[in-house]
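Topology and contacts: notes
Residues per chain are reported as follows:
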Amino acid sequence: MGASAVAAGAVARWQGKEKSGKLRDYSNPQKFVQPKYASIRDMEAAIQEIRQATGDEDTISTDSEDLHRHGYSEWSSTNIDGLPVAVAYPKTTAEVSQIAKICYKYRVPIIPFSGGSSLEGNFSAPFGGVSVDFAFMDQILQLHQEDMDIVVQPSVSWMELNDELAKRQTGLFFPVDPGPSAKIGGMVGTNCSGTNAVRYGTMKDWVINLTVVLADGTVIKTKRRPRKTSAGYNLNSLFVGSEGTLGLVTEITLKLAVVPQEFSVAVVTFPSIRDAAAAAASVMRAGVQVAAMEIMDEVQMKVVNLSGSTAPRKWKELPTLFFKFSGTKAGVKENIAMVSAIAKAHRGGEFEFAKDAKEQKLLWSARKESLWSMLAMRKEGSEVWSTDVAVPFSRLADIIEISKKEMDDLGLFASVLGHIGDGNFHESILYDKTVPGEREKVEQCVKNMVARALEMEGTCTGEHGIGIGKKEALLMEVGIDTLGVMKSIKQALDPHWIMNPGKIMDVPI
Ligand SMILES: Cc1cc2nc3c(=O)[nH]c(=O)nc-3n(C[C@H](O)[C@H](O)[C@H](O)COP(=O)(O)OP(=O)(O)OC[C@H]3O[C@@H](n4cnc5c(N)ncnc54)[C@H](O)[C@@H]3O)c2cc1C
């Protein structure tokens, strides 16, 4: 059977069109042996040993609220019943190494945790174990202003980092901008991006060097400090996006960018989502250097109005593109002229520009507040499922249109928003978990959307990662052989499968 026939069969099974049950990768049972995790008694012994080794009672907590916060997320589309049995709060790389060594000895799962804002159950604890929260490793260790790089600990938040760089008047900033509460360790974990990605790329493009504690406690550095190197395997690419399944990142050297001379923010509405998406694709093909280009559909604009999060401002409830322009004064002016002409050619309305920094913040706030606005719509019993896929950007209008129609036909309340310049869009779906069958309907729509993205040569996730929710989708996307390579890497670095088990791929059975 050819690879495409295998993929088609897998898609059909995954979508529930074939009744062969859950899609699971049973490849190579000899090579990948089922791990045996510590019993609850052994986990307790490990916790005790961690207390003794670090010499601090408070290094490890078993408080029930703490466990809940580290095993459950109201933002995540997928949650499971299990929780970690303890939360460790190391203060140094050496302590992280001690914790890993003890967990390795007892076969206790380790789940790294930074900002807790990931959306695919990425830090859930299906096998119990110890959540390692980096809250006390939140320092900027070195700033090399001349070299435009910085060394930070994993719990530095990207927003605080930018505040600090502004306060120190460096003229530099860190451009990767995911959820407001995200921290650098978790951002490495998911290879995140955000609204600035169309101009500045994703997390992988900003990491120079990582200090990583491996499953057995070994401490390694992936690189040194120059911006380029051809020395050996690119281990940065291995750890960035590995969702804590290969090691614990304890120090990160990041590139920094120069704060542009001039900024401008503008919004423009379109009569249909197809027009908006087509305008965005034309902007990309024209080679205009936008700093950000975001799309929100009419439902999302309505949700922002209803939530009042940008009051007193009210928005037109139409498909809308949000633009950020940055660069030199002349460059910004030229880019705005080009984008205005393209928008007009695609039936866009008048450009609305922010007059000053305060208005820039206000205009952009509708985009920044979008997920919170949707969450604010929840009534008792209802949940929001937020998911993302990415396709080559010429296919974006097609996938958004079909996916929106499917949701509407099923009577589901869903909004579309996305980083349209990267072909990456998100759907947020509101559903009532107490209504029988409603969650299943949503799940089916998400599966169909993913299958559609794959048919269009896209990916099941542009930035949220696989976590626990998209493992089957990953198998469909890359196939058994590529997943087999990933499993071999996992096994080589983590022979007992203790690092964040059950994420990205199933543990061997
Ligand atoms: C309102 C909102 C908006 C969002 N917008 C975006 C967006 O625009 N773009 C985007 O990409 N994402 C977005 N996200 C998702 C989220 O912000 C990102 O996934 C982010 O990268 C997660 O960072 P975190 O610090 O919260 O990580 P966590 O949730 O703590 O962890 C994420 C993953 O990384 C692992 N991990 C954490 N710390 C470490 C470490 N030190 N070493 C190794 N592994 C580690 C964890 O085990 C987990 O698998 C959004 C989320 C919210 C709530």
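Please read these numbers as outputs of a predicted model, since none were measured by experiment.

About the criteria used
- Residues numbered from 1 in each chain as written.
- Predicted model: local features only at pLDDT ≥ 70, side-chain atom pairs only at ≥ 80, totals over all residues.
- Heavy atoms only, no water.
- Helix = DSSP H or I, 4+ residues; strand = E, 2+ residues; numbered from the N terminus.
- Rg over C-alpha atoms; globule rule 2.2 N^0.38 Å.
- Buried < 20%, exposed > 50% of the residue type's maximum accessible area, 1.4 Å probe, protein only.
- Contact = heavy atoms within 4.5 Å.
- Areas by Shrake-Rupley, 256 points an atom, 1.4 Å probe, with all protein chains shown as cover.
- Lys, Arg positive; Asp, Glu negative; His and termini not counted.
- Charge placed at Lys NZ, Arg CZ, Asp CG, Glu CD.
- Near = heavy atom within 4 Å.
- Polar contact = N/O pair within 3.5 Å; in protein donor to acceptor, adjacent residues only side chain to side chain.
- Nonpolar A, V, L, I, M, F, W, Y, C, P; charged D, E, K, R; others polar.
- Pairing = 2+ DSSP bridges.
- Phe/Tyr/Trp six-rings, centres within 6.5 Å; stacked < 30°, edge-to-face > 60°.
- Lys NZ or Arg CZ within 6 Å of the ring centre and 35° of its normal.
- Domains from an automatic or database assignment.
- Buried area = accessible area lost by both parts, 1.4 Å probe.
- Salt bridge = Lys/Arg side-chain N within 4 Å of Asp/Glu carboxyl O.

**Description of the overall build of the protein chain**
Looking only at helices and strands, the protein chain has 16 helices and 18 strands in total. Over its C-alpha atoms the protein chain spans a radius of gyration of 23 Å, differing by no more than 12% from the 23 Å that the globule rule assigns to 509 residues. For the C-alpha atoms alone, the extent of the protein chain along its principal axes is close to 65 × 60 × 45 Å. The buried share of the protein chain, reckoned over its 509 residues, is 56%. The long-range share in the protein chain, meaning contacts at least 24 apart out of those at least 6 apart in sequence, stands at 73%. Entry remark: accessible area of the protein chain is about 21900 Å², with carbon and sulfur atoms responsible for 53%. Treating the 57 positive side-chain charges of the protein chain as one cloud and the 62 negative ones as another, the clouds have centres 3 Å apart.

**Some points on the site of the ligand**
As a structural note, the neighbourhood of the ligand is formed by 36 residues, with P112, S114, G115, S117 and S118 the closest of them. One of the backbone N or O atoms of N122 is found 3.2 Å from an oxygen atom in the ligand. Contacts to the ligand include K183, whose backbone N or O atom sits 2.8 Å from an oxygen atom. Relative to its unbound accessible area of 980 Å², the ligand is 96% covered by the protein chains. Of all the secondary-structure elements, those providing two or more residues to the shell around the ligand are β3 (110-113), α6 (184-190), β10 (248-255) and α13 (370-376). If one sorts the elements of the shell around the ligand by residue count, α6 sits on top with five residues. Each residue belonging to the shell around the ligand can be placed in one class, and the counts come to 15 nonpolar, 18 polar and three charged.

**Digging into the pairing of strand β12 (residues 262-269)**
Most of β12 sits inside the fold, with six of its eight residues counted as buried. In this sheet, strand β14 (residues 320-327) lies alongside β12 in antiparallel orientation, the contact comprising eight bridges. Bridged to V265 within β14 is K324.

**A closer look at the side chain of D494**
Following the sequence through the fold, D494 ends up in the segment after α16 (471-493). A polar contact is formed between the side chain of D494 and the side chain of K490, at a distance of 2.7 Å. Among the polar contacts made by the side chain of D494, one reaches the main-chain amide nitrogen of M499 at a distance of 2.8 Å. Here D494 is in contact with A215, T245 and M499, once residues within four sequence places are set aside.

**Description of the environment of V132**
Mapped onto the fold, V132 is located in strand β4 (residues 130-133). Given the relative accessible area of 2%, V132 is considered buried. Sequence-wise, V132 and I110 are 22 residues apart; in three dimensions their C-alpha atoms are separated by 6.8 Å. Setting aside its immediate chain neighbours within four residues, V132 contacts A88, P90, I99, I110, I111, P112, F113 and L248.

**Some words on the packing of aromatic side chains**
In total, this model carries 13 aromatic pairs according to the counting rule given. Ring plane angle 15 degrees and centroid distance 5.8 Å describe the contact between F323 and F325, whose orientation is recorded as stacked. By relative accessible area, which is 0% here, F325 ends up buried. Linked through ring pairs, F173, F174, Y200 and W206 together constitute an aromatic cluster. A cation over a ring is seen here: R313 above W315, with NZ or CZ 4.2 Å from the ring centre.

**Comments concerning the domain arrangement of the protein chain**
In many analyses, interface size is given as the accessible surface area lost on bringing the parts together. Segmenting the protein chain into domains produces domain 1 (40-133), domain 2 (140-258) and domain 3 (260-469). The interface of domain 1 with domain 3 comprises twelve residues on the first partner and 14 residues on the second. With both sides pooled, the region where domain 1 packs onto domain 3 buries about 1100 Å², and carbon together with sulfur makes up 52% of that total. It is W75, S77 and E120 that lose the most area in domain 1 upon contact with domain 3, and together they represent 48% of the buried surface on that side. Between domain 1 and domain 3 we count one salt bridge in total. A salt bridge links R378 to E74; its shortest N-O distance comes to 3.0 Å. On the surface where domain 1 and domain 3 come into contact, there are four residue pairs in polar contact (both at pLDDT 80 or more). Of the residues in the side of domain 1 that touches domain 3, the class split is five nonpolar, five polar and two charged.

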